[in-house]
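Now for the letters of each chain:
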Amino acid sequence: MRTYILIIGAMKSGTTSLFATLARHPQIAPATPKEPGYFAFDDINAQGLDWYDGLFDFDPDQHVYRLDGSTDYTKAPFVTSVRDRMAAVPDARFKLIYIMRHPLRRIESHARHVQRARKEIGQNVSPRADHGLDTGVSLESLAMARYAAQLDVYADLFDAGDLFLTSLETLKEYPAETLSDLFAFLDLPALPDQSKIARKNAGQGRVALSKSWATLTSNKALLVLAKTVLPKSVRSRIKNSFQHEVVTEGRFALNAAEEALLLALLADDLARLQSRYGFDVERRWGIPVGTS
(Lines give C-alpha, C1' and ligand atoms only; values in the text may rest on other atoms or scores of the structure.)
Protein backbone atom coordinates (compact mmCIF):
# COMPACT_ATOMS: atom_id res chain seq x y z
CA MET A 1 0.00 0.00 0.00
CA ARG A 2 1.22 3.48 -0.86
CA THR A 3 1.00 5.86 2.10
CA TYR A 4 1.04 9.63 1.69
CA ILE A 5 1.02 12.61 4.00
CA LEU A 6 -0.58 15.64 2.37
CA ILE A 7 -0.10 18.97 4.10
CA ILE A 8 -3.24 20.61 2.75
CA GLY A 9 -2.68 23.73 4.86
CA ALA A 10 -4.02 27.11 3.92
CA MET A 11 -1.59 29.19 1.88
CA LYS A 12 0.56 31.48 4.12
CA SER A 13 -0.23 29.50 7.26
CA GLY A 14 3.12 27.89 7.98
CA THR A 15 2.97 24.99 5.54
CA THR A 16 6.60 25.39 4.43
CA SER A 17 7.89 25.37 8.01
CA LEU A 18 5.75 22.35 8.86
CA PHE A 19 6.90 20.55 5.71
CA ALA A 20 10.58 21.19 6.53
CA THR A 21 10.03 19.98 10.11
CA LEU A 22 8.30 16.75 9.07
CA ALA A 23 10.92 16.16 6.37
CA ARG A 24 13.52 15.74 9.14
CA HIS A 25 11.84 12.53 10.26
CA PRO A 26 13.81 9.49 9.04
CA GLN A 27 10.63 7.61 8.10
CA ILE A 28 9.21 10.40 5.90
CA ALA A 29 10.31 10.99 2.30
CA PRO A 30 9.58 14.58 1.23
CA ALA A 31 8.65 15.56 -2.32
CA THR A 32 11.00 17.60 -4.47
CA PRO A 33 9.64 20.15 -5.17
CA LYS A 34 7.63 20.69 -1.98
CA GLU A 35 4.42 21.52 -3.90
CA PRO A 36 4.01 19.21 -6.90
CA GLY A 37 0.25 19.89 -7.11
CA TYR A 38 -0.32 16.41 -8.54
CA PHE A 39 -3.92 16.12 -7.37
CA ALA A 40 -4.77 19.75 -8.14
CA PHE A 41 -4.43 20.12 -11.90
CA ASP A 42 -5.29 17.93 -14.90
CA ASP A 43 -2.05 18.60 -16.77
CA ILE A 44 0.13 17.67 -13.80
CA ASN A 45 -2.01 14.66 -12.87
CA ALA A 46 -1.79 13.45 -16.47
CA GLN A 47 1.94 12.82 -16.00
CA GLY A 48 0.97 9.72 -14.08
CA LEU A 49 1.49 8.04 -10.75
CA ASP A 50 4.97 6.74 -11.60
CA TRP A 51 6.07 10.32 -12.32
CA TYR A 52 4.53 11.51 -9.04
CA ASP A 53 6.11 8.76 -6.96
CA GLY A 54 9.43 9.60 -8.60
CA LEU A 55 9.37 12.97 -6.83
CA PHE A 56 9.98 11.22 -3.51
CA ASP A 57 13.30 9.61 -2.68
CA PHE A 58 11.33 6.78 -1.11
CA ASP A 59 13.17 3.79 0.33
CA PRO A 60 10.72 1.04 1.32
CA ASP A 61 13.26 -0.30 3.82
CA GLN A 62 13.36 3.05 5.62
CA HIS A 63 10.34 5.19 4.84
CA VAL A 64 6.70 4.85 5.82
CA TYR A 65 5.27 7.96 4.16
CA ARG A 66 5.71 10.18 1.13
CA LEU A 67 5.22 13.87 2.06
CA ASP A 68 3.49 16.35 -0.28
CA GLY A 69 3.06 19.99 0.80
CA SER A 70 0.85 21.39 -1.98
CA THR A 71 -1.31 24.27 -0.72
CA ASP A 72 -3.30 24.13 -3.98
CA TYR A 73 -5.23 21.20 -2.50
CA THR A 74 -7.27 23.65 -0.40
CA LYS A 75 -8.16 26.34 -2.91
CA ALA A 76 -11.73 25.34 -3.77
CA PRO A 77 -13.68 26.41 -5.78
CA PHE A 78 -10.76 27.64 -7.89
CA VAL A 79 -9.15 24.19 -7.73
CA THR A 80 -11.55 21.25 -7.99
CA SER A 81 -11.58 17.43 -8.19
CA VAL A 82 -8.65 16.99 -5.80
CA ARG A 83 -10.50 14.41 -3.72
CA ASP A 84 -11.58 12.49 -6.83
CA ARG A 85 -8.01 12.30 -8.10
CA MET A 86 -6.85 11.06 -4.71
CA ALA A 87 -9.55 8.38 -4.72
CA ALA A 88 -8.34 7.20 -8.13
CA VAL A 89 -4.92 6.18 -6.76
CA PRO A 90 -5.01 2.38 -6.33
CA ASP A 91 -4.10 0.80 -3.01
CA ALA A 92 -3.26 4.09 -1.29
CA ARG A 93 -3.89 5.63 2.11
CA PHE A 94 -3.74 9.34 2.78
CA LYS A 95 -3.07 11.09 6.07
CA LEU A 96 -3.93 14.78 5.81
CA ILE A 97 -2.68 17.71 7.89
CA TYR A 98 -4.56 21.00 7.67
CA ILE A 99 -2.71 23.91 9.26
CA MET A 100 -4.57 27.21 9.51
CA ARG A 101 -3.84 30.74 10.71
CA HIS A 102 -5.90 33.59 12.12
CA PRO A 103 -7.89 34.36 8.96
CA LEU A 104 -7.20 38.12 9.00
CA ARG A 105 -3.46 37.63 9.44
CA ARG A 106 -3.51 35.00 6.69
CA ILE A 107 -5.24 37.41 4.31
CA GLU A 108 -2.64 40.11 5.02
CA SER A 109 0.26 37.73 4.47
CA HIS A 110 -1.40 36.36 1.34
CA ALA A 111 -1.69 39.86 -0.15
CA ARG A 112 1.98 40.59 0.47
CA HIS A 113 3.08 37.24 -0.95
CA VAL A 114 1.04 37.51 -4.14
CA GLN A 115 2.10 41.12 -4.66
CA ARG A 116 5.65 39.79 -4.81
CA ALA A 117 5.20 36.35 -6.40
CA ARG A 118 2.26 37.22 -8.71
CA LYS A 119 0.79 33.73 -8.22
CA GLU A 120 -2.29 32.62 -6.25
CA ILE A 121 -3.32 29.39 -7.99
CA GLY A 122 -0.60 26.98 -9.06
CA GLN A 123 1.92 28.55 -11.39
CA ASN A 124 -0.68 30.79 -13.03
CA VAL A 125 0.23 34.47 -13.06
CA SER A 126 -2.45 36.53 -11.35
CA PRO A 127 -4.36 38.83 -13.72
CA ARG A 128 -4.56 41.53 -11.04
CA ALA A 129 -1.99 44.28 -11.36
CA ASP A 130 -2.07 45.12 -7.66
CA HIS A 131 -2.69 42.81 -4.70
CA GLY A 132 -2.20 45.47 -2.05
CA LEU A 133 -5.17 45.82 0.29
CA ASP A 134 -6.03 49.24 -1.13
CA THR A 135 -7.45 47.33 -4.09
CA GLY A 136 -9.39 44.92 -1.88
CA VAL A 137 -9.09 41.25 -0.94
CA SER A 138 -9.08 38.85 -3.88
CA LEU A 139 -11.83 36.27 -4.19
CA GLU A 140 -9.16 33.58 -4.15
CA SER A 141 -7.75 34.83 -0.86
CA LEU A 142 -11.19 35.04 0.72
CA ALA A 143 -11.98 31.48 -0.38
CA MET A 144 -8.77 30.17 1.18
CA ALA A 145 -9.78 31.77 4.49
CA ARG A 146 -13.06 29.82 4.53
CA TYR A 147 -11.45 26.96 6.37
CA ALA A 148 -14.59 24.90 7.04
CA ALA A 149 -15.54 25.07 3.37
CA GLN A 150 -12.09 23.78 2.39
CA LEU A 151 -12.36 20.97 4.95
CA ASP A 152 -15.74 19.94 3.54
CA VAL A 153 -13.88 18.52 0.54
CA TYR A 154 -12.17 16.06 2.91
CA ALA A 155 -14.99 15.52 5.40
CA ASP A 156 -14.91 11.76 4.87
CA LEU A 157 -11.23 11.61 5.83
CA PHE A 158 -11.87 13.83 8.85
CA ASP A 159 -14.65 11.52 10.00
CA ALA A 160 -12.38 8.51 9.47
CA GLY A 161 -9.69 10.00 11.70
CA ASP A 162 -7.25 10.58 8.85
CA LEU A 163 -7.19 14.38 9.02
CA PHE A 164 -5.24 16.33 11.64
CA LEU A 165 -6.17 19.96 12.37
CA THR A 166 -3.82 22.54 13.85
CA SER A 167 -2.85 26.17 13.49
CA LEU A 168 0.31 28.18 12.99
CA GLU A 169 -0.30 29.84 16.34
CA THR A 170 -0.57 26.47 18.11
CA LEU A 171 2.58 25.17 16.43
CA LYS A 172 4.53 28.26 17.47
CA GLU A 173 3.26 28.33 21.06
CA TYR A 174 3.32 24.59 21.74
CA PRO A 175 5.78 23.05 19.25
CA ALA A 176 6.73 19.95 21.24
CA GLU A 177 3.14 19.14 22.21
CA THR A 178 1.81 19.75 18.69
CA LEU A 179 4.46 17.57 17.07
CA SER A 180 3.93 14.87 19.67
CA ASP A 181 0.23 14.78 18.79
CA LEU A 182 1.03 14.89 15.09
CA PHE A 183 3.45 11.97 15.16
CA ALA A 184 0.98 10.00 17.25
CA PHE A 185 -1.59 10.69 14.52
CA LEU A 186 0.91 9.35 11.98
CA ASP A 187 1.84 6.40 14.25
CA LEU A 188 5.51 7.39 14.04
CA PRO A 189 8.11 7.72 16.81
CA ALA A 190 8.91 11.22 18.01
CA LEU A 191 11.83 13.27 16.74
CA PRO A 192 14.76 13.62 19.16
CA ASP A 193 14.08 17.35 19.65
CA GLN A 194 10.46 18.21 19.00
CA SER A 195 10.73 21.77 20.29
CA LYS A 196 12.56 22.93 17.16
CA ILE A 197 10.33 24.02 14.29
CA ALA A 198 12.03 24.80 11.00
CA ARG A 199 11.38 28.46 10.23
CA LYS A 200 10.91 28.77 6.50
CA ASN A 201 9.34 31.18 4.02
CA ALA A 202 8.89 34.07 6.48
CA GLY A 203 7.26 37.01 4.78
CA GLN A 204 9.32 39.78 6.35
CA GLY A 205 12.96 40.57 5.67
CA ARG A 206 13.15 39.05 2.20
CA VAL A 207 16.52 39.30 0.53
CA ALA A 208 17.67 38.61 -3.01
CA LEU A 209 21.00 38.36 -4.77
CA SER A 210 21.96 41.12 -7.16
CA LYS A 211 22.48 40.58 -10.88
CA SER A 212 26.20 41.12 -10.29
CA TRP A 213 26.28 37.92 -8.25
CA ALA A 214 24.72 35.97 -11.12
CA THR A 215 27.32 37.38 -13.48
CA LEU A 216 30.14 36.56 -11.09
CA THR A 217 29.01 32.99 -10.47
CA SER A 218 28.51 32.30 -14.17
CA ASN A 219 32.32 31.99 -14.39
CA LYS A 220 32.78 28.31 -13.51
CA ALA A 221 36.58 28.52 -13.36
CA LEU A 222 36.35 31.35 -10.86
CA LEU A 223 33.92 29.34 -8.73
CA VAL A 224 36.29 26.37 -8.63
CA LEU A 225 39.18 28.65 -7.69
CA ALA A 226 37.15 30.35 -4.92
CA LYS A 227 36.16 27.01 -3.40
CA THR A 228 39.79 25.90 -3.50
CA VAL A 229 41.44 28.90 -1.85
CA LEU A 230 38.72 30.54 0.25
CA PRO A 231 37.24 29.14 3.46
CA LYS A 232 33.47 28.62 3.47
CA SER A 233 32.97 31.42 6.02
CA VAL A 234 34.74 33.89 3.72
CA ARG A 235 32.72 32.75 0.71
CA SER A 236 29.52 33.24 2.73
CA ARG A 237 30.51 36.80 3.68
CA ILE A 238 31.25 37.61 0.05
CA LYS A 239 27.89 36.21 -1.03
CA ASN A 240 26.06 38.18 1.68
CA SER A 241 27.62 41.39 0.40
CA PHE A 242 25.72 40.91 -2.87
CA GLN A 243 22.35 40.59 -1.14
CA HIS A 244 19.75 43.34 -0.96
CA GLU A 245 16.41 43.58 0.78
CA VAL A 246 13.33 43.03 -1.36
CA VAL A 247 10.79 45.79 -0.79
CA THR A 248 7.18 44.89 -1.59
CA GLU A 249 5.18 48.03 -2.24
CA GLY A 250 1.59 48.39 -1.09
CA ARG A 251 -0.58 48.28 2.03
CA PHE A 252 -0.75 44.88 3.70
CA ALA A 253 -2.37 45.66 7.05
CA LEU A 254 -6.15 45.56 7.36
CA ASN A 255 -7.85 48.50 9.01
CA ALA A 256 -10.57 48.13 11.65
CA ALA A 257 -13.45 48.53 9.20
CA GLU A 258 -11.99 45.93 6.83
CA GLU A 259 -11.41 43.50 9.69
CA ALA A 260 -15.01 43.85 10.86
CA LEU A 261 -16.36 43.32 7.33
CA LEU A 262 -14.20 40.25 6.71
CA LEU A 263 -15.11 38.66 10.02
CA ALA A 264 -18.77 39.19 9.19
CA LEU A 265 -18.26 37.48 5.82
CA LEU A 266 -16.41 34.60 7.49
CA ALA A 267 -18.71 34.27 10.52
CA ASP A 268 -20.75 31.28 9.35
CA ASP A 269 -17.65 29.43 8.17
CA LEU A 270 -15.82 30.04 11.46
CA ALA A 271 -18.85 28.84 13.41
CA ARG A 272 -18.85 25.59 11.39
CA LEU A 273 -15.10 25.24 11.82
CA GLN A 274 -15.76 25.13 15.54
CA SER A 275 -19.00 23.12 15.62
CA ARG A 276 -18.39 20.65 12.75
CA TYR A 277 -14.62 20.26 12.87
CA GLY A 278 -13.92 20.89 16.54
CA PHE A 279 -11.38 23.69 16.16
CA ASP A 280 -11.73 26.14 19.06
CA VAL A 281 -11.86 29.41 17.13
CA GLU A 282 -12.63 31.51 20.19
CA ARG A 283 -9.81 30.16 22.33
CA ARG A 284 -7.14 30.01 19.65
CA TRP A 285 -7.84 33.21 17.70
CA GLY A 286 -10.01 35.21 20.09
CA ILE A 287 -12.80 35.45 17.52
CA PRO A 288 -16.30 35.08 19.04
CA VAL A 289 -18.47 32.68 17.08
CA GLY A 290 -22.18 32.00 17.11
CA THR A 291 -23.97 28.90 15.92
CA SER A 292 -24.23 28.21 12.21
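Before reading on, note that the structure itself is shown above.
Since this is a predicted model, take the numbers as computed values, not measurements. (Residues numbered from 1 in each chain as written. Predicted model: local features only at pLDDT ≥ 70, side-chain atom pairs only at ≥ 80, totals over all residues. Heavy atoms only, no water.)

(A) Up close: the overall build of the chain. Summing up its helical and strand segments, the chain has 15 helices and seven strands in all. Over its C-alpha atoms the chain spans a radius of gyration of 21 Å, differing by no more than 12% from the 19 Å that the globule rule assigns to 292 residues. The C-alpha extent of the chain, read off along each of the three principal axes, is 65 × 50 × 40 Å. The contacts of the chain with a sequence gap of at least 6 include a subset with a gap of at least 24, amounting to 74%. Roughly 14600 Å² of accessible area belongs to the chain as shown, and the carbon and sulfur atoms make up 53% of that amount. Between the averaged position of the 36 positive side-chain charges in the chain and that of its 35 negative side-chain charges there is a distance of 9 Å. (Helix = DSSP H or I, 4+ residues; strand = E, 2+ residues; numbered from the N terminus. Rg over C-alpha atoms; globule rule 2.2 N^0.38 Å. Contact = heavy atoms within 4.5 Å. Areas by Shrake-Rupley, 256 points an atom, 1.4 Å probe, with all protein chains shown as cover. Lys, Arg positive; Asp, Glu negative; His and termini not counted. Charge placed at Lys NZ, Arg CZ, Asp CG, Glu CD.)

(B) Region of interest: the pairing of strand β3 (residues 65-68). Because side chains alternate across β3, one face comprises the buried residues Tyr 65 and Leu 67, and the other comprises Arg 66 and Asp 68, equally buried. As paired elements, strand β2 (residues 28-30) and β3 share three bridges and run parallel to each other. Residue Pro 30 lies in a different strand from β3, and its bridge partner there is Leu 67. (Buried < 20%, exposed > 50% of the residue type's maximum accessible area, 1.4 Å probe, protein only. Pairing = 2+ DSSP bridges.)

(C) Structural view of the pattern of salt bridges. All told, the structure shown has 16 salt bridges when counted by the stated rule. The salt bridge involving Arg 105 is made with Glu 259; its shortest N-O contact spans 2.7 Å. Taken together, the residues span a long stretch of sequence, with Arg 105 in helix α5 (residues 103-117) and Glu 259 in helix α14 (residues 256-275) at a distance of 154 residues. Classification of Arg 105 by relative accessible area gives partly exposed; the value is 28%. Of the charged contacts, one joins Asp 159 and Arg 276 as a salt bridge, the two residues approaching to 3.1 Å between their closest N and O atoms. Of this pair, Asp 159 sits in helix α8 (residues 155-159) while Arg 276 is found in the loop between α14 and α15 (281-285), placing the two residues 117 residues apart along the sequence. Taking the relative accessible area as the measure of exposure, Asp 159 reaches 54% and is therefore exposed. Judged by relative accessible area, which is 32%, Arg 276 ranks as partly exposed. Through salt bridges with shared partners, a single network forms among Arg 2, Asp 53 and Arg 66. (Salt bridge = Lys/Arg side-chain N within 4 Å of Asp/Glu carboxyl O.)

(D) Structural context of unusual backbone geometry. A cis amide bond, omega 5°, links Thr 32 with the succeeding residue Pro 33. With respect to the secondary-structure elements, Pro 33 resides in the loop between β2 and α2 (42-45). Cis geometry marks the peptide bond from Ala 76 to Pro 77, where omega comes out at 5°. On the secondary structure map, Pro 77 appears in the loop between β3 and α4 (82-87).

(E) Fine view of the pairing of strand β1 (residues 2-7). When you tally the buried positions in β1, you get five out of six residues, the bulk of the element. Looking at chain direction, β1 and strand β4 (residues 92-100) are connected through six bridges and run parallel. Bridged to Tyr 4 within β4 is Phe 94.

(F) Structural detail: the sheet that holds strand β5 (residues 163-167). Spatial strand order, β2-β3-β1-β4-β5: five strands in an open sheet with parallel pairing. What marks the edges here is a single partner per strand, and that holds for β2 and β5. On average, each strand axis in the sheet is inclined to that of its neighbour by 25°, with strand direction left out of account. (Axes fitted to C-alpha atoms, helices over the stretch in contact; angles between N-to-C directions.)

(G) Examining α14 more closely. Taking 1.5 Å of rise per residue, the 20 residues of α14 would be expected to cover 28 Å, and the 27 Å separating its terminal C-alpha atoms lies within 8% of that figure. At Ala 267, α14 is deflected by roughly 55°, the largest bend along its length. Buried within α14 are the following residues: Glu 258, Leu 262, Leu 266, Asp 269, Leu 270, Ala 271 and Leu 273. Residues of α14 that are buried make contact with β4, α5, α6 (139-144), α7 (147-152) and α15. Where α14 begins, the capping side chain belongs to Asn 255, and its oxygen is found 3.2 Å from the backbone nitrogen of Ala 257. (Expected span 1.5 Å × (residues − 1). Bend = angle between axes of the 7 residues up to and from the residue. Polar contact = N/O pair within 3.5 Å; in protein donor to acceptor, adjacent residues only side chain to side chain.)

(H) Main features of the packing of aromatic side chains. Inspection of the entire model under this criterion finds 15 aromatic pairs. The interplanar angle of 10° and the centroid separation of 4.3 Å between the aromatic rings of Tyr 38 and Tyr 52 together place this pair among those described as stacked. You can see Tyr 38 sitting in the loop between β2 and α2 and its partner Tyr 52 sitting in helix α3 (residues 49-53), a full 14 residues away along the chain. Residue Tyr 38 shares its accessibility class with Tyr 52, and that shared class is buried. Their ring planes at 75° and their centres at 5.3 Å tell us that Phe 39 and Tyr 52 sit as a pair that is edge-to-face. (Phe/Tyr/Trp six-rings, centres within 6.5 Å; stacked < 30°, edge-to-face > 60°.)

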